[in-house]
Amino acid sequence: MLMEQATTVRKEWSAVCDSVMHEKPRFIKRTRDKMWFSSLETMSELLEAYRFTAERYVEEDGSVTLSLNEIDLVENGTEEKEARRRLAEAILEYSLEYYEEYELYSHSPNRRKHIPYIFKALIIDDPEKIGDMLECRDGKN
């Protein structure tokens with residue numbers, strides 16, 4: 001199969017890294033563990049299909065609340081731009097927390113499906129870009 005033995009990869013580490021960065025991802029096997037080694041660019045392309053979407057609610061005071069569909073996060077701002085910024089910051093903050101507690105969070109049934117969104121946010125690592133990519137649609141008050 002495509003699996004390369006970890007001992008071979010370890011012996012040829014520099015060449016393997018160059019290959020992953022300039023050619024293609026690699027599949028590696030160590031005893032019973034199977035891994036995939038790729039560049040962040042490749043990972044980013046794989047995660048392209050995952051979108052951050054939010055329901056938009058205009059409150060009675062005119063402020064805007066955004067409720068993220070993929071992760072249970074909600075933020076409010078005086079206008080949509082501020083709400084987007086706050087929600088993007090919350091996404092990145094949650095992603096960092098998730099990564100720090102990965103063993104716990106990734107095994108929690110209600111958080112397991114967050115994994116692709118977590119890695120997408122961590123790779124982007126820019127609240128402004130995350131805020132700009134939020135797809136918002138009007139929710140029902």
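Details of the structure are given in the entry above.
Just so we're clear, the structure is a prediction, and the values are computed from it rather than from any experiment.

## Digging into the overall build of the protein chain
- Assigned secondary structure in the protein chain consists of seven helices and seven strands.
- Overall, the protein chain is about 65 × 30 × 25 Å in size when its C-alpha atoms are taken along their principal axes.
- Contacts spanning at least 24 positions in sequence make up 40% of the contacts within the protein chain whose residues lie at least 6 apart.
- If you sum the accessible surface of the protein chain, you get close to 9800 Å²; carbon and sulfur atoms cover 49% of it.
- Across the protein chain, the 21 positively charged side chains and the 30 negatively charged ones have centroids separated by 10 Å.

## Re helix 4 (residues 80-100)
- Taking 1.5 Å of rise per residue, 21 residues should cover 30 Å, and helix 4 covers 30 Å from first to last C-alpha, within 8% of that figure.
- Listed in full, the buried residues belonging to helix 4 are E82, A83, R84, L87, A88, A90, I91, L92, Y94, S95 and Y98.

## Examining a negative patch on the surface
- There is a patch of like negative charges on the surface, built from E93, E97, E100 and E101.
- Locating E100 in the fold gives a position in helix 4.
- Since its relative accessible area comes to 65%, E100 is described here as exposed.

## Here's the deal with the pattern of salt bridges
- Going through the model one piece at a time under the given rule, you end up with 10 salt bridges.
- Here R51 makes a salt bridge to E135, at a shortest N to O gap of 3.3 Å. Here the residue R51 occupies a position in the loop between helix 3 (40-46) and strand 4 (53-58), and E135 occupies one in strand 7 (residues 135-138), the gap between them amounting to 84 residues.
- Put simply, R56, E80, R84 and D138 are held in one network by salt bridges that share partners.

## A word on the sheet that holds strand 7
- Ordered by their spatial adjacency, four strands build an open sheet running 6-5-4-7, and the pairing between neighbours is mixed. Strand pairing shows two members of the sheet lacking a second neighbour, strand 6 (74-77) and strand 7, which therefore form its edges. On average, each strand axis in the sheet is inclined to that of its neighbour by 30°, with strand direction left out of account.
- Here helix 4 sits on the sheet in contact with strand 4, strand 5 (64-68), strand 6 and strand 7, set at roughly 150° to strand 6.

Scoring rules and cut-offs
Residues numbered from 1 in each chain as written. Predicted model: local features only at pLDDT ≥ 70, side-chain atom pairs only at ≥ 80, totals over all residues. Heavy atoms only, no water. Helix = DSSP H or I, 4+ residues; strand = E, 2+ residues; numbered from the N terminus. Contact = heavy atoms within 4.5 Å. Areas by Shrake-Rupley, 256 points an atom, 1.4 Å probe, with all protein chains shown as cover. Lys, Arg positive; Asp, Glu negative; His and termini not counted. Charge placed at Lys NZ, Arg CZ, Asp CG, Glu CD. Expected span 1.5 Å × (residues − 1). Buried < 20%, exposed > 50% of the residue type's maximum accessible area, 1.4 Å probe, protein only. Patch = residues over 30% accessible without salt bridge, like charges linked within 9 Å, V, L, I, M, F, W, Y side chains within 5 Å. Salt bridge = Lys/Arg side-chain N within 4 Å of Asp/Glu carboxyl O. Pairing = 2+ DSSP bridges. Axes fitted to C-alpha atoms, helices over the stretch in contact; angles between N-to-C directions.

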